[in-house]
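These are the residues of each chain, in order.
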Amino acid sequence: MSFTPTDYDPYDFANRRHIGPSPSEMAEMLKVVGVPSLDALIDETVPQAIRQAKPLSWPPMTEHELHDKLREVQKKNAVMTSLIGQGYYGTATPPAIQRNVLENPAWYTAYTPYQPEIAQGRLEALLNYQTMVADLTGLPVANASLLDESTAAAEAMMMAERSAKSKARAFFVDLNLHPQTVAVLETRAAPFGIEIVKGQPDELVPDAVFGAIFQYPGTYGHVRDFTDYIAMLHEAGAIAVVATDLLALCLLKEPGAMGADIAVGSAQRFGVPMGFGGPHAAFMSCRDSLKRTMPGRIVGVSIDARGNKAYRLSLQTREQHIRREKATSNVCTAQALLAVIASFYAVFHGPKGLRAIAERVHLNAVRVRDALVAAGADVAPQAFFDTITVRVGVGQQGIMAAARQHGINLRKVGEGRVGISIDELTDEDVLVRLLDSFGIKTVPPMGQTLGFPAEMLRETDYLTHPVFHMNRAESEMMRYMRRLSDRDLALDRAMIPLGSCTMKLNAAAEMAPLTWHRYNSLHPFVPADQAGGYAEMIEDLTAKLCEITGYDAFSMQPNSGAQGEYAGLMTIAAYHRARGDAQRDICLIPVSAHGTNPASAAMAGMKVVVVKSAPNGDVDLEDFADKAAQAGDRLAACMITYPSTHGVFEETVKEICAITHRHGGQVYMDGANMNALVGLVKPGECGSDVSHLNLHKTFAIPHGGGGPGMGPIGVKAHLAPYLPGHVETDGKPGAVSAAPYGSASILLISWAYCLMMGGEGLAQATRVAILNANYIAARLKAEYPILFMGNRGRVAHECILDTRPFAEVGVTVDDIAKRLIDNGFHAPTMSWPVAGTLMVEPTESETKAEIDRFITAMLAIREEVRDVAEGRIAAEDSPLHHAPHTVEDLVAGWDRKYSREQGCFPPGAFRVDKYWPPVGRVDNVYGDRNLVCTCPPVADWAAE
């Protein structure tokens, strides 16, 4: 008997782990689609004229090879004790939170909670976050997080501009703000003609500004009461913003007590590692009258169909998919997973624990101050929380070098001072090494004397809700986190077939390095020689993204896809200004472009001109050419999405680019649908000049319940000089994020994904994403018309199911979305880009079995619609109307006109492992009319 070795490679990550369908399953799917091979399908789908000539070049790694490489690379990061401060601090992530949240796919693979019935767990965690922020800042309304402290300050400035009674066009910026925040404010202000007036608080002229932002503790440590300045602003009809620190507010008088209108800051030091810059949740809170102009997501409390309490996202009509360029909220500006971690940190420690940590940090800072003063040093400021500066004159370089010899990074302040910021991790050993760097051999004992005036001591209680007073035994905490995650439907349970959102596998091998010490413990402003591992990773990822896209350079700074759009348009605007074309301010945006585009163009100071779609979903080329000609020398850019949001590869993409260039504009190609291009088409070879890439879509960073994300931008060579700069690296203008490389630590995920897939694996992933979408379209088109298809009857990586005809018999797209919950699925993208439709994107990671389960569910739902249409049951009596069905429905008295079996166990639903939503259909109108966005009163909690 001869021996034939198997050709099965168990270490082939791309084809055995990441891509769902097996080769034999693909063969079955191709038969249904009606093509002989995967290559034949791609030839029918992707226009030959734009196909790339060369395949992507690098070979794949196995999972264990990847981890070996990452261990070697991390050795080039030197982890020292960074007392640099400036908005980033050492913190201890409680191991229970690290394991049960940060490393738990039930939390990190979840999507933004737009379907509230299947997101009650993370909505409760985010409501806890809002309550924590509202309590600590002393302002009644908080949102569910923003991207980082600097962009939160910029959002607050724009919120002030919208809300102020003053007609002034200037905004006052306290020089005690962190420098990176000042830079981002300047970037955001420029397109709107807002003058930034920088000065010390005493230099404020209230009548000359529509608002002001102050910071305490300041970037150099100053703690002061802004009550009088805020009163002067209010007298002039201006808005007062205060940037602050949540840990400091456990001891210090809160912004609300000073009369502040808006408070912003970072929740990073509440258990979230520094990660060389992120991701971290920023916070914003405001007085009640400003809540409808507040950006970001706001979790509110409503009721379900049975009158039970239910959480949901409130006031969604502010968002950019609905209001487009007039939006006051960009829903992409959130860091939900990190907000969840920060909220659990507050639950874990409770108010007493947080107060104890704050006291320890502050009193350690006092010890350092006392030792330095006793040694004759000039120390400032007089009133501080955790940060001081020491005048060292010409000895600055020597002191900083001595500190580095002791394993400590200090902050260079001007030419003659060094800054020291004490944090949660500062212990006796750190204090000994720190003071020894100054030649001081004795550490003073812990005292009880405050380093700020007694009148700045906080007088109000905070975190009074019972959730912050749980028994803090780890068993109780673990069970609470488990209970919340069990209420949710995330990617670890089922396919999330959201069009445009690309909910693909976030592999464990890609995620693991995020919690490795040499990656997650670096301060973003450490000296370059301490971040060699990050430099190598960013350089190699940049090279791979350039090869994938056909661009010449990348900026890794943008912290989200929407911020990438904004950064790309600002790069275009800077290019035009440098050429003397400052008048170019018109941006052409087709109806088929991604929904965030108009809001981003408005943020960049451009006037949006909408271009029509042809009946088949393509950009109307004649309308585009007419509007480009009308714009003339005012044409700054066009923004197109490719393949379009209609799910089609348009044949005319090169012509659109040529028309734009003919009139002097630049082409922005939105990277939202890059999952249909990688390895097949390079945007930079189609004629586009700039794109952002949603790394949290195409390149495997998880969505985390609505953030983190990254949106780096690639550009052709002529735009490279105008990419965003940063005050801590090159000193150039244009910063869009707080850190030079945005949320740098999660770039590791995309790098790992590229390394394990290899160039060939990435291209195969794209092919299979297109196959999976076309398989769904082929199986469902007889029952659900496919709204747009290419010239040869194919869709790209997503397809739009037209459910609008069902409205004629009383069945809405909402009914179908909620019924899918009974089948154990998150709904596809609803009513976007076309109202009343469902946009389905299966991604390449879903197996044929899971796709077939989804198809079974959709066909069963179609039969229920048919029952209504043919009069066998009224729409209001059907399971569609009553969906989703809860356990309470199952056990309660049953008087419905369909069986419990049909209602609760429809085709496609698991029997043993069925997902039960914790609430019935949520009442959205009630939630917006009765807006409650902090934890419900104690009486409600007790009753529950």
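Residues numbered from 1 in each chain as written. Predicted model: local features only at pLDDT ≥ 70, side-chain atom pairs only at ≥ 80, totals over all residues. Heavy atoms only, no water.

Q: Requested: an account of the overall build of the protein, with residues and values cited.
A: Along the backbone of the protein there are 31 helices and 25 strands. The C-alpha atoms of the protein give 28 Å as radius of gyration, which agrees with the globular expectation for 944 residues (30 Å, within 12%). Expressed along its principal axes, the backbone C-alpha trace of the protein runs to roughly 85 × 75 × 70 Å. Taking all 944 residues of the protein together, the buried fraction comes to 65%. The long-range share in the protein, meaning contacts at least 24 apart out of those at least 6 apart in sequence, stands at 77%. Summing over all exposed atoms, the protein offers an accessible surface of approximately 32200 Å²; the carbon and sulfur share of this is 51%. The averaged location of the 107 negative side-chain charges in the protein is 0 Å from the averaged location of its 86 positive side-chain charges. (Helix = DSSP H or I, 4+ residues; strand = E, 2+ residues; numbered from the N terminus. Rg over C-alpha atoms; globule rule 2.2 N^0.38 Å. Buried < 20%, exposed > 50% of the residue type's maximum accessible area, 1.4 Å probe, protein only. Contact = heavy atoms within 4.5 Å. Areas by Shrake-Rupley, 256 points an atom, 1.4 Å probe, with all protein chains shown as cover. Lys, Arg positive; Asp, Glu negative; His and termini not counted. Charge placed at Lys NZ, Arg CZ, Asp CG, Glu CD.)

Q: Any details on unusual backbone geometry? Residues and values, ideally.
A: Cis peptide bonds are those with omega within 30 degrees of zero, and the linkage from Tyr-216 to Pro-217 qualifies with -15 degrees. The topology assignment puts Pro-217 in the loop between strand E5 (211-215) and helix H10 (227-235). Unlike most non-glycine residues, Phe-276 shows phi in positive territory, near 60 degrees. With respect to the element layout, Phe-276 can be found in the loop between strand E7 (262-266) and strand E8 (282-286). Under the relative-accessibility criterion, Phe-276 is labelled buried at 7%. One non-glycine residue, Ser-500, adopts positive backbone phi at about 80 degrees. Looking at where Ser-500 falls in the secondary structure, it is placed in the loop between helix H16 (474-486) and helix H17 (508-511).

Q: Describe the pattern of salt bridges, listing the residues and the values that go with them.
A: By the definition in use, this model includes 50 salt bridges. One salt bridge connects Lys-198 with Glu-186, and the closest N-O pair in it is separated by 2.8 Å. Taken together, the residues Lys-198 in strand E4 (residues 195-199) and Glu-186 in helix H9 (residues 179-189) connect sequence positions 12 residues apart. Its relative accessible area of 34% is what places Glu-186 among the partly exposed residues. Salt-bridge contacts for Glu-359 lead to Arg-355; the nearest nitrogen and oxygen are separated by 2.9 Å. Of the two residues, Glu-359 and Arg-355 both sit in helix H13 (residues 336-374), 4 residues apart, roughly one turn of that helix. Taking the relative accessible area as the measure of exposure, Glu-359 reaches 32% and is therefore partly exposed. A relative accessible area of 28% places Arg-355 in the partly exposed class. Salt bridges sharing common partners tie together Glu-28, Arg-779, Lys-848 and Asp-852. (Salt bridge = Lys/Arg side-chain N within 4 Å of Asp/Glu carboxyl O.)

Q: An account of the side chain of Arg-188 is requested, with residue identities and associated values reported.
A: Mapped onto the secondary structure, Arg-188 falls in helix H9. You can call Arg-188 buried: its relative accessible area is 6%. If sequence neighbours within four positions are ignored, Arg-188 has contacts with Thr-151, Ala-154, Glu-155, Met-157, Met-158, Tyr-566 and Met-603.

Q: Go over the packing of aromatic side chains, please, and point to the residues and values.
A: With the rule as written, the count across this model stands at 22 aromatic pairs. Considering the side-chain rings of Phe-214 and Phe-226, the 4.7 Å spacing of their centres and the 15 degrees angle between planes classify their relative orientation as stacked. With Phe-214 in strand E5 and Phe-226 in the loop between E5 and H10, this pair connects stretches of sequence that are 12 residues apart. Phe-214 sits in the buried class, given a relative accessible area of 0%. The buried category is assigned to Phe-226, whose relative accessible area is 0%. Residues Phe-276 and Tyr-534 carry aromatic rings whose centres are separated by 4.5 Å and whose planes lie at 20 degrees to one another, so their mutual orientation is stacked. With Phe-276 in the loop between E7 and E8 and Tyr-534 in helix H19 (residues 532-549), this pair connects stretches of sequence that are 258 residues apart. As far as burial versus exposure is concerned, Phe-276 and Tyr-534 are alike and both buried. Through successive ring pairs, a cluster of aromatic residues spans Phe-172, Phe-214, Tyr-216, Phe-226 and Tyr-229. Its guanidinium or amino end placed over the ring of Tyr-89, Arg-269 lies 3.8 Å from that ring's centre, counting from NZ or CZ. In this structure, Arg-911 packs its charged tip against the face of Phe-905, placed 4.6 Å from the ring centre. (Phe/Tyr/Trp six-rings, centres within 6.5 Å; stacked < 30°, edge-to-face > 60°. Lys NZ or Arg CZ within 6 Å of the ring centre and 35° of its normal.)

Q: Residue-level account of the packing of helix H5 (residues 95-102) against H16, with values.
A: Relative orientation of the contacting elements H5 and H16 amounts to 20 degrees, with a least axis distance of 10 Å. The orientation of H5 with respect to H16, classified from their angle, is roughly parallel. The element H5 and its partner H16 pack so that their crossing is right-handed. Contact residues: Ala-96, Ile-97, Asn-100 and Val-101 in H5; Glu-474, Met-478 and Met-481 in H16. Among the residues forming the contact of H5 with H16, the class breakdown is 5 nonpolar, 1 polar and 1 charged. (Axes fitted to C-alpha atoms, helices over the stretch in contact; angles between N-to-C directions. Parallel < 35°, antiparallel > 145°, perpendicular 65-115°, else oblique. Left-handed = near helix turned anticlockwise from the far one by under 90°. Nonpolar A, V, L, I, M, F, W, Y, C, P; charged D, E, K, R; others polar.)

Q: Explain the pairing of E8 residue by residue, including any values.
A: For E8, the buried fraction is high: 5 of the 5 residues fall into the buried class. One ladder, built from 2 bridges, connects strand E2 (residues 141-142) with E8; its direction is antiparallel. Each residue of the ladder has a partner; that of Val-141, found in E8, is Cys-286. By the bridge criterion, 5 bridges tie E7 to E8 in an arrangement that is antiparallel. (Pairing = 2+ DSSP bridges.)

Q: So, the sheet that holds strand E14 (residues 411-413): which residues are in play, and what are the values?
A: Here we have 4 strands laid out as an open sheet, ordered E11-E12-E15-E14, and antiparallel in their pairing. Strand pairing shows two members of the sheet lacking a second neighbour, strand E11 (378-380) and E14, which therefore form its edges. Sheet twist, expressed as the mean angle between neighbouring strand axes with direction ignored, is 30 degrees. Here 3 bridges tie E11 to strand E12 (residues 387-391), and the two strands are oriented antiparallel to one another. Bridge pairing in E12 places Val-379 opposite Val-390.

Q: Provide a residue-level description of the sheet that holds strand E24 (residues 829-830), including the pertinent values.
A: The 3 strands lie next to each other as E23-E25-E24, forming an open sheet whose pairing is antiparallel. Two strands close off the open sheet at either side, each with one partner strand: strand E23 (799-802) and E24.

Q: Residues and numbers for the packing of helix H2 (residues 23-33) against helix H24 (residues 747-780), please.
A: One way to put it is that H2 packs onto H24 with a least axis distance of 9 Å and a crossing angle of 50 degrees. Between H2 and H24, the crossing angle belongs to the class labelled oblique. Like other packed secondary-structure pairs, H2 and H24 cross with a definite hand, here left-handed. Contacts between H2 and H24 involve Met-26, Met-29, Leu-30, Val-32 and Val-33 on the former and, on the latter, Gln-764, Val-768, Leu-771, Asn-772, Asn-774, Tyr-775, Ala-778 and Arg-779. Grouping the amino acids of the contact of H2 with H24 by side-chain chemistry returns 9 nonpolar, 3 polar and 1 charged.

Q: Could you give an account of the nonpolar core, naming the residues involved and the relevant values?
A: Counting residues in each nonpolar core, the largest one holds 226 residues, and the members touching the most others are Met-132, Phe-344, Leu-372, Leu-410, Ile-420, Phe-438 and Ile-548. Once residues lying within four places of it in the same chain are set aside, the contact partners of Ile-420 are Leu-83, Val-368, Leu-372, Asp-386, Thr-387, Ile-388, Val-390, Leu-410, Leu-434 and Phe-438. Counting residues in each nonpolar core, the second largest holds 36 residues, with Ala-153, Ala-183, Ala-189 and Ile-262 among its members. (Core = buried A, V, L, I, M, F, W, Y, C linked by side-chain atoms within 4.5 Å.)

Q: Any chance you could break down helix H20 (residues 561-578) for me, citing the residues and the numbers?
A: Helix length check: H20 (18 residues) gives 26 Å between terminal C-alpha atoms against 26 Å at 1.5 Å per residue, within 8%. Most of H20 is tucked away, with 16 of its 18 residues classed as buried. The residue sitting at the N-terminus of H20 and contributing the capping side-chain oxygen is Ser-560; that oxygen lies 3.4 Å from the backbone nitrogen of Ala-562. One or two residues past the end of H20 sits Gly-580, with phi positive at roughly 80 degrees. (Expected span 1.5 Å × (residues − 1). Polar contact = N/O pair within 3.5 Å; in protein donor to acceptor, adjacent residues only side chain to side chain.)

Q: Requested: an account of the confidence of the model for the protein, with residues and values cited.
A: Per-residue confidence for the protein gives a mean pLDDT of 95; residues scoring 70 or more make up 97%. Overall, residues 938-944 carries pLDDT values under 50, and its contacts beyond four positions in sequence, including any with other chains, amount to 6 contacts. (pLDDT = per-residue confidence, 0-100.)

Q: Any details on the environment of Leu-337? Residues and values, ideally.
A: Assignment of secondary structure puts Leu-337 in helix H13. On the basis of relative accessibility, which here comes to 7%, the residue Leu-337 falls in the buried class. Once the C-alpha coordinates of Leu-337 and Gln-557 are considered, the two residues, 220 residues apart in sequence, prove to be 20 Å apart. Apart from residues lying up to four places away in sequence, Leu-337 is in contact with Val-101, Trp-107, Tyr-108, Gly-704, Gly-707 and Pro-708.

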